[in-house]
Amino acid sequence: MDGELHENKNGTPHMIGEVNVEEKIFQKVEENREAMIEDIRNLVRIRSVEGEAQEGAPFGQGVKAALKEALDISEKLGFRTRNLDNYMGYAQYGEGKDYVGAFGHLDVVPEGEGWKHPPFSGYLEDGVIYSRGILDNKGPIMSCLYALYALKELDLKGEHPVRIIFGCDEETGFLDLKHYLEQERPPVWGFTPDCKYPVVYSERGRAVVMISALTQDMDKFFAFVNTYFIGAKNTGDRLGIDVTSPEYGVMEMRNYRLAQGNDGVFFEVTLSYPPEISIEKIFKKIGAKAEGMKVTVTQNYNPVRFDKEGPMVKTLQACYERVTHQDGTPVTTTGGTYAKLMPHIVPFGPSFPGQKGIGHNPNEWMTIEDLVTNAKIYALALYRLSQLR
């Protein structure tokens, strides 16, 4: 590390050269803000909801178009790019096998109803952009791209190359990550800008459980659903799975779905569970109550955890605190991100404390200032992570 050692007013040392580098990074992000916002607005205008799989478009034409746009922007900025069969794509700065990665996604959930403005318009009002995907996750991953562009313009390189990875199936199944890992190695360090700040060091487990019954057993089925789900707390207390963790809080059940099949009915529920209980125990507990019905775990991702005191988490914490001047103590989350499947990455941003209930809802929004602040955090984070050995 280059620079002259001085002391701050509080007596703690800092490197003058490194402080200057940080300020240059932030200044470069500011210089590119208009171009970044223009590219983000163009990207959110593409309706990239998963569609019917076609040859060369595994998640539909809309998602394919969004990936092409993201890679075109990346090439315009001078990055080397790769398209992995329209499952994922990435932009890279620097050369080498072991890379740092920021993993975001371009696919979005359906727009639904209740919008004040067209949901794929990139509508801008009073410094706020309203569009499906502006927060989840096109705006943040493009902030990462422009963060890396700032490093590129300043010719700042570390021990490792850096990639910005554009996913295409985060909302529905992670098939994009599975395809990526068949062709590419995972990063040595990285994050996904698809959750919240401060840096998240652990995610709960996430499972989808289906309870089904034949038509002749509908009375018993509906009595079960009403007793243990609809008419109960969402903690699973009546099922005996209401585990409480000092770190993660209580078990949560959500996303109830009731439907009729060819020969009966089924009820589906998503469970967000702390590591103090296993999916095997959850399955056993539900099965014991669902007498005469079929219980199936249709999807499960076990809890993931990283060392709060490890170099990656500590680096991301420091970058967040440097830019925002807020407490960056690492936290946990009830959500599920690419960190469930991609090794060596943690959730990091983009939502700031107090910002909840925005993604997946009508009038999804993100302010220009938050996009720029994210780009500064991510630029510093990518630079610092690329220096880790």
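Residues numbered from 1 in each chain as written. Predicted model: local features only at pLDDT ≥ 70, side-chain atom pairs only at ≥ 80, totals over all residues. Heavy atoms only, no water.

A.B. asks: Give me the lowdown on the sheet that holds strand 11 (residues 200–203), citing residues and values where you can.
C.D. replies: An order of 18-11-19 is seen for the 3 strands of this open sheet, with the pairing classed as mixed. Taken across any chain shown, the strands that pair with only one partner, and hence form the sheet edges, are strand 18 (304–305) and strand 19 (331–333). (Pairing = 2+ DSSP bridges. Helix = DSSP H or I, 4+ residues; strand = E, 2+ residues; numbered from the N terminus.)

A.B. asks: Describe the pattern of salt bridges, naming the residues involved and giving the relevant values.
C.D. replies: Opposite charge on two side chains lets them pair, provided their charged atoms get close. Throughout the structure, instances matching the rule amount to 22 salt bridges. The residue Glu 252 makes a salt bridge to Arg 254 at a minimum N-O spacing of 2.6 Å. In this structure Glu 252 comes out as partly exposed when scored by relative accessible area, which is 24%. A relative accessible area of 25% places Arg 254 in the partly exposed class. Residues joined in a network through salt bridges with shared partners are Glu 22, Glu 23, Arg 322 and Arg 384. (Salt bridge = Lys/Arg side-chain N within 4 Å of Asp/Glu carboxyl O. Buried < 20%, exposed > 50% of the residue type's maximum accessible area, 1.4 Å probe, protein only.)

A.B. asks: Quick rundown of the packing of helix 8 (residues 311–324) against helix 9 (residues 368–387)? Include the residues and the values.
C.D. replies: In the contact formed by helix 8 and helix 9, the axes pass within 9 Å of each other and the chain directions differ by 145°. Here helix 8 runs over helix 9; the crossing is right-handed. Contact residues: Met 312, Thr 315, Leu 316, Cys 319, Tyr 320, Arg 322, Val 323 and Thr 324 in helix 8; Thr 373, Lys 376, Ile 377, Leu 380, Ala 381, Arg 384 and Leu 385 in helix 9. (Axes fitted to C-alpha atoms, helices over the stretch in contact; angles between N-to-C directions. Left-handed = near helix turned anticlockwise from the far one by under 90°. Contact = heavy atoms within 4.5 Å.)

A.B. asks: An account of the pairing of strand 5 (residues 100–105) is needed here, citing residue identities and associated values.
C.D. replies: Counting buried positions along strand 5 gives 6 out of 6 residues, so the element sits mostly inside the fold. Where strand 5 meets strand 9 (residues 189–192), 3 bridges bridge the pair, whose relative direction is parallel. Its bridge partner lying in strand 9, Val 100 is registered against Trp 189.

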